[in-house]
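Understanding the architecture of this molecule
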Amino acid sequence: MINTRTVITIATGKKVFVEMAANLARSFLLWHSYTDIQFKLITDQQDLIPADLKHKIQVHAISHGEFGEGFSSKLHLDEFASEGQTLFIDSDCLIFDNIEFLFERFKGRAVSVVGNYIKDGEWFGDIKSIITRFNIPHLPKFNGGIYYLEKGATASSVYTTARKLEAEYDSIGFVRLRNRPNDEVLMSLAMQLHSQEPILDDGTIMSDPQACPGGYQIDVIKGKRWLLNPRAPSPLHQHWYPFTKVSPAIVHFLGYYTTHYPYKREAYRLYKFSNSKLNLWAKLKALWGIEMPMRIKTTIKQKLRPIYRLLLGTRKVTMSERV
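In short, a report on the structure. Fair warning: this is a prediction, and the values are worked out from it, not measured in the lab.

Attention now moves to the packing of aromatic side chains. A full pass over the atoms with the stated rule returns 13 aromatic pairs. With centroids separated by 5.3 Å and ring planes inclined at 45°, the aromatic side chains of Phe28 and Phe39 adopt a geometry described as tilted. Of the two residues, Phe28 is situated in helix 1 (residues 15-31) and Phe39 in strand 2 (residues 38-43); the sequence distance between them amounts to 11 residues. As far as burial versus exposure is concerned, Phe28 and Phe39 are alike and both buried.

With that out of the way, let us pick up the sheet that holds strand 10 (residues 199-200). Spatially, 3 strands are ordered 8-7-10 in an open sheet, and the strand pairing comes out mixed. Each edge of the sheet is formed by a strand with only one pairing partner; in this case those strands are strand 8 (139-142) and strand 10. Summarising the sheet, strand 7 (residues 114-118) and strand 10 pair through 2 bridges and their orientation is parallel. Residue pairing for strand 10: Val114 is matched across the bridge by Ile199. The sheet contacts of helix 7 (residues 183-193) involve strand 7 and strand 8, and relative to strand 8 the element is tilted by about 145°.

Let us look at the pairing of strand 2. On a regular strand, one side chain projects to one face of the sheet and the next to the other, so that they alternate. With 5 of its 6 residues buried, strand 2 lies for the most part within the structure. In terms of handedness, the path from strand 1 (residues 5-11) via helix 1 over to strand 2 forms a crossover that is right-handed. Taken together, the 4 bridges between strand 2 and strand 3 (residues 58-61) define a ladder with parallel strand orientation. Paired with Thr43 across the strands is Ala61, a residue of strand 3.

Moving on, we come to helix 4 (residues 127-134). Residues of helix 4 that are buried: Ile127, Ile130 and Ile131. In a view along the axis of helix 4, the buried residues occupy a sector of 90°, so they form one face of it. Along its buried surface, helix 4 packs onto strand 7, strand 8 and helix 6 (169-172). Asn135 sits one or two residues past helix 4 and shows a positive phi near 55°.

Any two packed helices are characterised by how steeply their axes cross, that is the angle between the axes, and by the distance between the axes. Helix 8 (residues 261-274) packs onto helix 1 with a crossing angle of 60° between their chain directions and a minimal axis gap of 9 Å. In terms of orientation, helix 1 lies oblique with respect to helix 8. Where helix 1 crosses over helix 8, the handedness of that crossing is left-handed. Across from Met20, Asn23, Arg26, Ser27 and Leu30 in helix 1, the residues of helix 8 making contact are Tyr263, Ala267, Leu270, Tyr271, Phe273 and Ser274. A breakdown of the residues in the contact of helix 1 with helix 8 according to their chemical character gives 7 nonpolar, 3 polar and 1 charged.

All right, on to unusual backbone geometry then. For the bond from Ala232 to Pro233, the omega torsion is 15°, close enough to zero to count as cis. Along the chain, Pro233 falls in the loop between strand 13 (224-228) and strand 14 (245-246). In this model, Phe124 sits at a positive phi of 55°, which is unusual for a non-glycine residue. Along the polypeptide, Phe124 turns up in the loop between strand 7 and helix 4.

One pass over the full model with this rule turns up 1 cavity of 30 Å³ or more. The calculated volume of the largest cavity comes to roughly 70 Å³. Contributing to the lining of the largest cavity are Thr12, Gly13, Asp44, Ile62, Ser63, His64, Gly65, Glu66, Phe67, Gly68, Glu69 and Ser73. The residue inventory of the lining of the largest cavity, partitioned by class, reads 2 nonpolar, 7 polar and 3 charged.

In terms of residue burial, strand 1 counts as a mostly covered element, since 7 of its 7 residues are buried. Note that strand 1 and strand 4 (residues 85-89) share 4 bridges and pair parallel. Considered in strand 4, the bridge of Val7 is made with Leu87. Here strand 1 pairs with strand 2 via 6 bridges, running parallel. Residue pairing across strands places Thr6 opposite Gln38, the latter belonging to strand 2.

Rules and cut-offs
Residues numbered from 1 in each chain as written. Predicted model: local features only at pLDDT ≥ 70, side-chain atom pairs only at ≥ 80, totals over all residues. Heavy atoms only, no water. Phe/Tyr/Trp six-rings, centres within 6.5 Å; stacked < 30°, edge-to-face > 60°. Helix = DSSP H or I, 4+ residues; strand = E, 2+ residues; numbered from the N terminus. Buried < 20%, exposed > 50% of the residue type's maximum accessible area, 1.4 Å probe, protein only. Pairing = 2+ DSSP bridges. Contact = heavy atoms within 4.5 Å. Axes fitted to C-alpha atoms, helices over the stretch in contact; angles between N-to-C directions. Right-handed = clockwise from strand over helix to strand, strands pointing away. Arc of directions from axis to C-beta. Parallel < 35°, antiparallel > 145°, perpendicular 65-115°, else oblique. Left-handed = near helix turned anticlockwise from the far one by under 90°. Nonpolar A, V, L, I, M, F, W, Y, C, P; charged D, E, K, R; others polar. 1 Å grid on protein atoms, 1.4 Å probe; cavity = no way out; pocket = protein on both sides within 12 Å on 5 of 7 lines; lining within 4 Å. Points joined across faces, edges and corners; volume = space filled by probe spheres on them.

Here it is, written out as structure tokens:
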């Protein structure tokens with residue numbers, strides 16, 4: 001096998017995805033300046049790539065809609081992958097440490113993820129009925145913020161199967177995510193049908209604030225991070241998440257978490273660091289210009305929300321900028 005290691009991400013459709021991919025790229029470059037790992041951005045908006053990244057990362061330009069909409073583009077990673085080892089990371093992630101250890105842990109697997117197995121219950125569909133239909137013992141369950149593959153016949157077969165299954169998404173019994181087929185369950189089924197296994201989630205690789213609703217603190221420049229899943233019987237305890245406090249190398253800012261001050265603050269600091277301008281003034285602006293105003297706004301909203309609902313009722317949910 002050619003010993004080329006590449007991290008790839010995808011940013012298509014909207015400007016916000018390119019902005020998040022730029023933040024991810026900057027966090028990667030921060031921790032991998034002395035490695036041979038390459039970073040590749042797949043995008044249909046190459047003109048939006050910031051100047052500080054244009055000569056530091058590889059850009060793979062595609063046409064709008066060329067590889068489907070929404071999550072569907074992640075079903076084409078075999079076509080985007082370089083020779084050797086490829087690690088896909090979602091654009092709404094940030095890297096807090098050197099991730100060379102991940103390539104070592106995944107090495108030798110044609111297609112893999114970080115997770116465990118599920119054989120019943122609900123995961124974008126009734127799992128028991130789905131595994132019965134396909135005569136398989138279980139399905140890998142994982143967060144699709146990370147995919148690993150080694151370019152070759154097996155990986156191509158897995159992804160070809162996943163793309164075929166997408167056409168049968170509803171009839172299989174899968175439930176849509178944001179009215180679109182979810183790549184995770186399609187890849188899960190395709191992996192199982194081709195006997196591809198996940199590596200066990202031990203809390204060191206990737207986590208997110210949804211799995212850890214007890215709060216989190218991050219400092220991407222220093223590599224400091226922790227996320228908390230409160231122990232039962234706390235009402236915030238996520239029973240399906242097996243860890244209490246984790247410090248993963250990658251934090252996945254799912255959903256609206258990219259609009260919260262920790263992500264916004266760190267994105268600004270990464271931008272300044274990438275442009276060699278992370279001085280005292282920039283640090284103060286990150287604190288007093290980004291973090292504190294958002295903290296104050298959040299506190300006021302939380303205190304006034306009961307009064308607002310009493311007088312005006314429940315407010316209509318704002319549409320996410322990602323949709």
